Amino acid sequence: MKEIKKLAIVPLLSGMLLLSLNGVAQTINQISESFNKYSQATVQEKIFVHTDKSAYITGEILWFKIYNIDAAYHKPLGLSKVAYIDVLDDKQNAVVQTKIEIKNGFGNGSVYVPISASNGTYKLRAYTNWMKNFSPDYYFEKSITIINPLKSPGATVKAQPLDYDVQFFPEGGNLVAGISSKVAFKVTASDGKGLSEYRGFIVDQKNDTVARFSPLKFGIGSFLFTPIAGNVYKAIIRSGNNTAVIKELPAVNNEGYVMTVKDAGSTQIEVIVKGIGVETGELYLFAQTRQLIKAGISAPFNNGTATFMLDKAKLGEGVSNITIFNSAKQPVCERLYFKRPKQKISIDAAADQPLYAQRKKVNVSIAAKDLSGQVKPANLSMSVYKLDSLQSTDGGEIFSYLWLRSDLRGNIESPDYYFKNTGEEVDAALDNLMLSQGWRRFQWNNVLANKPAAFNFLPEYDGHLITGKLTNTQTGSVAKDIVAYLSVPGKRVQLYAAKSDSAGRLIFNTRQLYGPGEIVVQTNSERDSIYHIDILSPFSEQYSKYPASKLSLTRGMQRAIEEGSLGTQVQNIYWANKIKQFYEPQVDSSGFFTTPYKTYLLDNYTRFTTMEEVLREYVREVWVNRSQKRYHIKVLNGNGFLDSDPLVMLDDVPVFNIDKVMAIDPLKVRKLEDVPYRYYWGPSVYEGILSFTTYKGDLGGVEIDPRAVVLDYEGLQLQREFYSPVYDTEQAAKSRIPDFRNLLYWAPEIGTPAQGKGELSFYTSDQTGKYIGVVQGITAEGDAASQYFGFEVK
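## Some points on the overall build of the protein
Reasoning step 1: From N to C terminus, the protein includes 9 helices and 48 strands.
Reasoning step 2: Once the C-alpha set of the protein is aligned to its principal axes, its extents read approximately 110 × 90 × 55 Å.
Reasoning step 3: The long-range share in the protein, meaning contacts at least 24 apart out of those at least 6 apart in sequence, stands at 71%.
Reasoning step 4: Looking at the protein as shown, the accessible area adds up to about 37,500 Å², and 49% of this sits on carbon and sulfur atoms.
Reasoning step 5: Across the protein, the mean location of the 88 positive side-chain charges is 3 Å away from that of the 83 negative side-chain charges.

Put into structure tokens, the structure is as follows:
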């Protein structure tokens, strides 16, 4: 009987084990499915901006190339067709803003550095409308220097100890009493850079020292520390002879989890989770790289410890998030891990000589190659500028940005350091950098609850979106389900309609809206006359909290500033017309109704003195009548009259009062186009369309409805032509017009051939010195690289 009982227990235990394994697999699958739903609904973009240089004199032109990249696969992404550029001062005030057209993931433009700008370090940032749904910490940001020679530099303020920003980051997120933790720390000076030299002490409430620390690189480091229950800890930081800075450590929890991540050989990562005062059961490790699931494993949590062995090969290259969940699917620990990416392409770029005279031709050969040396097609940008005490080598490389900087928050000092150097110290510095990011990028509770993400901003995948808000002037409340019209007066018909949603929001989806101009926004004044429209700024009003570094001017920069100022003045005087030339955008000149049924060129007909006579005498598709002292127009087609008045436009601006239409001076009208059938356009239905176009595109003197909103509005930026003089003849080389350019060449769109090398050429200026060429680029497969080359002009 005992043997029979033993045999009966075996299948029972096996069944329980099977149920347990099924439960573990089910939990991992549930987490994965929820995360996949979230990821699919929240496509992420990354933007990298290559600027021509990083230091500017007021009055100069800042040139840039935009790379819009799929955040998951690092391939050029065509989701957004518009990118936004801001140049912000130290108080987050924009001194320059512009909208750039993006085609197939690439765009380029330029901004004039205003002469009113003060001396300082500014942030150039870039983002899309879709990126505004997420944290501004993940916008592209770059520090640039602006010097105004007409303004005296501000007095240098010596950094005070209290200016230091001190942060502590326990590995996994929490300090738990009785469990040893690795704690990362980061000390940032007032200039935005890590404090390189200091000593730190951790003391308890009795002022007993329990740990010591000092930075490893860029003000960042880590130390091991075991907190005791009931104790309160603070850090004392001393730098030189400055007064000590005191900072409280994060609170110590009496219960919770602590994680430790370390390499276990060349192929494995060991993740140890320890806990006190928590339930036993399974713990789950979930790893994702740029929102792509890479691993989901479980481990039993026995005697306060769980150990996971994670295969490095399963992780994607770059930054990965490793999150620990308890048996209730609650995230309890998280940290970042970095896997070095492989550089899959290189860029060959070199000038044909190391030394040139003034006003001589420079030939540059350029090609992108894979690891085997085979030429690869790539989209590149190149800048060639002078190096001096003001302008140093711009170290922001696209490769390090995409793989590291873009996935982290805050100012990452010298990200190229982690890629161009190897060794234990670099690996330790990189791990400290991962620890100093804390957690989390998104809210796991919402992800696991399968709550649909709420987006306030749509991707601009067809053109620039102009957003407005509609309110009722009588009640002050938002108005919903009201149609509004946005028009762009001019010779090209541009009319857009939008219906307000429950929040009173209007979204006008414009197409091929370029350059500065005027927009008119209104409701149908004959029907909806009690509403007010506000047009909202398309630029982000969220800002990262990380300050730009402070500008430090030295006497050694004086000559470079003087030469730069003189060069800028010379270009603006002698080449004013050359640097103000823009490419003409290719636009569809037809109206939103495409081809009209008939076009009447009024000069081809007898000129009448009233619009009523014009419509009655030779526009067969309309019938004019007057009822109750008001004019009305009926559109006639083969099926009879349409129901009500048609949409009438004058230079693209809707005119809802037909009496005003009859008051139009026909001698100022060049043509009339008509659409004699019911037309559906967005949320609107029109009983035919009549479009009048004046000779000057100025509405022919007709007054716009006073309730309409008329605004100056700039659409997508017109692309400026980069001017570089050519000295290909002796006469040109001996020209007496001075050439003080310090930016010799800018090429934002270089397409390297599938075979051989591309060839570029430009001419040196009258400025002698050392010059550097910077090339950035990416292939269609998402492989990025940078290259530098130099030469001298004597």
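Let's pick the thread back up.
## Things to note about the sheet that holds strand β9 (residues 165-170)
Strand pairing within a sheet occurs via backbone hydrogen bonds; the two strands may be parallel or antiparallel.
Reasoning step 1: Spatially, the 3 strands line up as an open sheet ordered β9-β11-β14, and their pairing is antiparallel. Of all the strands in the sheet, just β9 and β14 (220-225) have a single pairing partner and so form its edges. On average, adjacent strands in this sheet sit at an angle of 25 degrees to one another, irrespective of strand direction.
Reasoning step 2: When β9 meets strand β11 (residues 181-188), the two strands line up antiparallel, connected through 6 bridges. Its bridge partner lying in β11, proline 170 is registered against valine 183.

## So, the nonpolar core
Reasoning step 1: In terms of nonpolar packing, the biggest core is built from 38 residues, with Val49 and Ile66 touching the most fellow members.
Reasoning step 2: Contributing elements (two or more residues each) for this core: β1 (45-51), β3 (61-70), β4 (82-88), β5 (94-101), β6 (106-112), β7 (120-127), β8 (140-147) and α2 (398-403).

## Examining the side chain of threonine 42
Reasoning step 1: Here threonine 42 is to be found in the loop between α1 (2-41) and β1.
Reasoning step 2: Judged by relative accessible area, threonine 42 falls into the buried class, the value being 1%.
Reasoning step 3: Ignoring anything within four residues of it in the chain, the contact list for threonine 42 reads Trp130, Phe134, Gln291, Ala453 and Phe455.

## So, a nonpolar patch on the surface
Reasoning step 1: Nonpolar side chains collect at one region of the surface, where Ile573, Tyr574 and Ile737 lie side by side and expose about 320 Å² of accessible area between them.
Reasoning step 2: Relative to the helices and strands, isoleucine 573 is located in helix α6 (residues 558-574).
Reasoning step 3: Among the residues examined, isoleucine 573 registers a relative accessible area of 61% and is labelled exposed.

## As for the sheet that holds strand β37 (residues 622-627)
Reasoning step 1: A sheet is described by the order of its strands in space; here 3 strands give the open sequence β37-β38-β39, paired in antiparallel fashion. Strands at the two margins of the open sheet, each flanked by one partner only, are β37 and β39 (640-641).
Reasoning step 2: Relative to β39, strand β38 (residues 630-637) runs antiparallel, the two being bridged by 2 bridges. Bridge assignment links leucine 636 to a residue of β39, and that residue is phenylalanine 641.
Reasoning step 3: Strands β37 and β38 of the sheet are contacted by helix α7 (residues 611-618), whose axis makes an angle of about 135 degrees with β37.

## Regarding the pattern of salt bridges
Reasoning step 1: Under the counting rule described, the total for this entry stands at 30 salt bridges.
Reasoning step 2: Of the charged contacts in the structure, one is a salt bridge between lysine 369 and aspartate 348, with a shortest N-O distance of 3.0 Å. Linking lysine 369 in strand β27 (residues 361-370) with aspartate 348 in strand β25 (residues 345-351), this pair joins segments that are 21 residues apart in sequence.
Reasoning step 3: Among the ionic pairs, lysine 386 bridges to glutamate 563, the shortest N-O distance being 3.3 Å. Of the two residues, lysine 386 is situated in strand β29 (residues 379-386) and glutamate 563 in helix α6; the sequence distance between them amounts to 177 residues.
Reasoning step 4: Assessed through its relative accessible area of 10%, lysine 386 is described here as buried.
Reasoning step 5: Residues joined by salt bridges that share partners form a network here, namely Glu171, Lys182, Arg335 and Asp431.

## Digging into the side chain of lysine 99
Reasoning step 1: With respect to the helices and strands, the residue lysine 99 is situated in strand β5.
Reasoning step 2: One buried charged side chain, lysine 99, makes no salt bridge at all; its nearest oppositely charged neighbour is glutamate 714, positioned 5.9 Å away.
Reasoning step 3: Of note is the side chain of lysine 99, whose polar atom sits 2.5 Å from the backbone oxygen of glutamate 714.
Reasoning step 4: Those residues in contact with lysine 99 that sit more than four places away from it in its chain are Val82, Ala83, Tyr84, His464, Pro538, Phe539, Tyr713, Glu714, Gly715, Leu716 and Gln717.

## What about empty space enclosed by the protein?
To find leftover empty space, one rolls a probe the size of a water molecule over the atoms.
Reasoning step 1: Under the defined criterion, the tally for this structure stands at 7 cavities of 30 Å³ or more.
Reasoning step 2: Lining the second largest cavity are 16 residues, with Ile61, Trp63, Gln571, Ile579 and Leu743 positioned closest to its centre.
Reasoning step 3: Of all the secondary-structure elements, those providing two or more residues to the lining of the second largest cavity are β3 and α6.
Reasoning step 4: No other element matches α6, which puts 3 residues into the lining of the second largest cavity.
Reasoning step 5: Counted by class, the lining of the second largest cavity contains 6 nonpolar, 5 polar and 5 charged residues.

## Some details on the packing of aromatic side chains
Reasoning step 1: Under the defined criterion, the tally for this structure stands at 48 aromatic pairs.
Reasoning step 2: Aromatic side chains phenylalanine 762 and phenylalanine 791 sit 6.4 Å apart centroid to centroid with 40 degrees between the ring planes, which places their arrangement in the tilted category. Residue phenylalanine 762 is found in strand β46 (residues 758-763), and its partner phenylalanine 791 is found in strand β48 (residues 784-793); the two are separated by 29 residues along the sequence.
Reasoning step 3: Site record: aromatic cluster; members linked through ring pairs are Phe168, Phe185, Tyr198, Phe213, Phe223, Phe225 and Tyr233.
Reasoning step 4: Taking NZ or CZ as reference, lysine 217 lies 5.4 Å from the ring centre of phenylalanine 218, over its face.

## Describing α6
Reasoning step 1: Taking 1.5 Å per residue, 17 residues should reach 24 Å; α6 reaches 24 Å between its end C-alpha atoms and fits that length.
Reasoning step 2: Looking only at α6, the buried set comprises Ala560, Ile561, Gly564, Ser565, Gly567, Thr568 and Val570.
Reasoning step 3: Tucked into the core, α6 has its buried residues touching β2 (55-57) and β8.

## Points about α7
Reasoning step 1: Of the residues making up α7, those classed as buried are Met611, Val614, Leu615 and Tyr618. Projected down its long axis, α7 carries its buried residues within an arc of 115 degrees, all on one side.
Reasoning step 2: On its buried face, α7 is in contact with β36 (598-601), β37, β38, α8 (658-662), β42 (669-681) and β43 (684-694).

## Quick word on the pairing of strand β47 (residues 769-778)
Reasoning step 1: Most of β47 is tucked away: 9 of the 10 residues are buried.
Reasoning step 2: Across 10 bridges, the pairing between β47 and β48 is antiparallel. Among the inter-strand pairings, glycine 769 is bridged to a residue of β48, identified as valine 793.

## Description of the environment of arginine 405
Reasoning step 1: Mapped onto the elements of the fold, arginine 405 is located in the loop between α2 and α3 (417-420).
Reasoning step 2: Overall, the relative accessible area of 10% leaves arginine 405 in the buried class.
Reasoning step 3: In the structure, arginine 405 is positioned 311 residues away from leucine 716 in sequence and 28 Å away in space, judged by C-alpha atoms.
Reasoning step 4: Those residues in contact with arginine 405 that lie beyond four places of it in its chain are Ser400, Gly410 and Ile412.

## Some thoughts on the environment of valine 793
Reasoning step 1: With respect to the helices, strands and loops of the structure, valine 793 is situated in strand β48.
Reasoning step 2: Residues valine 793 and alanine 357, 436 residues apart in the sequence, show an inter-C-alpha distance of 5.5 Å.
Reasoning step 3: Contacts of valine 793, omitting those with residues within four sequence positions, involve Tyr356, Ala357, Gln358, Thr764, Ser765, Gln767, Thr768, Gly769 and Tyr771.

## What to know about unusual backbone geometry
Reasoning step 1: Phi at arginine 290 takes a positive value of approximately 50 degrees, unusual for a residue other than glycine.
Reasoning step 2: Within the secondary structure, arginine 290 is located in the loop between β20 (281-289) and β21 (292-301).
Reasoning step 3: Judged by relative accessible area, arginine 290 falls into the buried class, the value being 15%.
Reasoning step 4: Phi angles above zero are rare outside glycine, and serine 414 is one such case at about 50 degrees.
Reasoning step 5: Relative to the helices and strands, serine 414 is located in the loop between α2 and α3.
Reasoning step 6: When its relative accessible area of 39% is taken as the criterion, serine 414 is described as partly exposed.

Reading the values: the criteria
- Residues numbered from 1 in each chain as written.
- Predicted model: local features only at pLDDT ≥ 70, side-chain atom pairs only at ≥ 80, totals over all residues.
- Heavy atoms only, no water.
- Helix = DSSP H or I, 4+ residues; strand = E, 2+ residues; numbered from the N terminus.
- Contact = heavy atoms within 4.5 Å.
- Areas by Shrake-Rupley, 256 points an atom, 1.4 Å probe, with all protein chains shown as cover.
- Lys, Arg positive; Asp, Glu negative; His and termini not counted.
- Charge placed at Lys NZ, Arg CZ, Asp CG, Glu CD.
- Pairing = 2+ DSSP bridges.
- Axes fitted to C-alpha atoms, helices over the stretch in contact; angles between N-to-C directions.
- Core = buried A, V, L, I, M, F, W, Y, C linked by side-chain atoms within 4.5 Å.
- Buried < 20%, exposed > 50% of the residue type's maximum accessible area, 1.4 Å probe, protein only.
- Patch = residues over 30% accessible without salt bridge, like charges linked within 9 Å, V, L, I, M, F, W, Y side chains within 5 Å.
- Salt bridge = Lys/Arg side-chain N within 4 Å of Asp/Glu carboxyl O.
- Polar contact = N/O pair within 3.5 Å; in protein donor to acceptor, adjacent residues only side chain to side chain.
- 1 Å grid on protein atoms, 1.4 Å probe; cavity = no way out; pocket = protein on both sides within 12 Å on 5 of 7 lines; lining within 4 Å.
- Points joined across faces, edges and corners; volume = space filled by probe spheres on them.
- Nonpolar A, V, L, I, M, F, W, Y, C, P; charged D, E, K, R; others polar.
- Phe/Tyr/Trp six-rings, centres within 6.5 Å; stacked < 30°, edge-to-face > 60°.
- Lys NZ or Arg CZ within 6 Å of the ring centre and 35° of its normal.
- Expected span 1.5 Å × (residues − 1).
- Arc of directions from axis to C-beta.

That is the geometry; function is a separate question.
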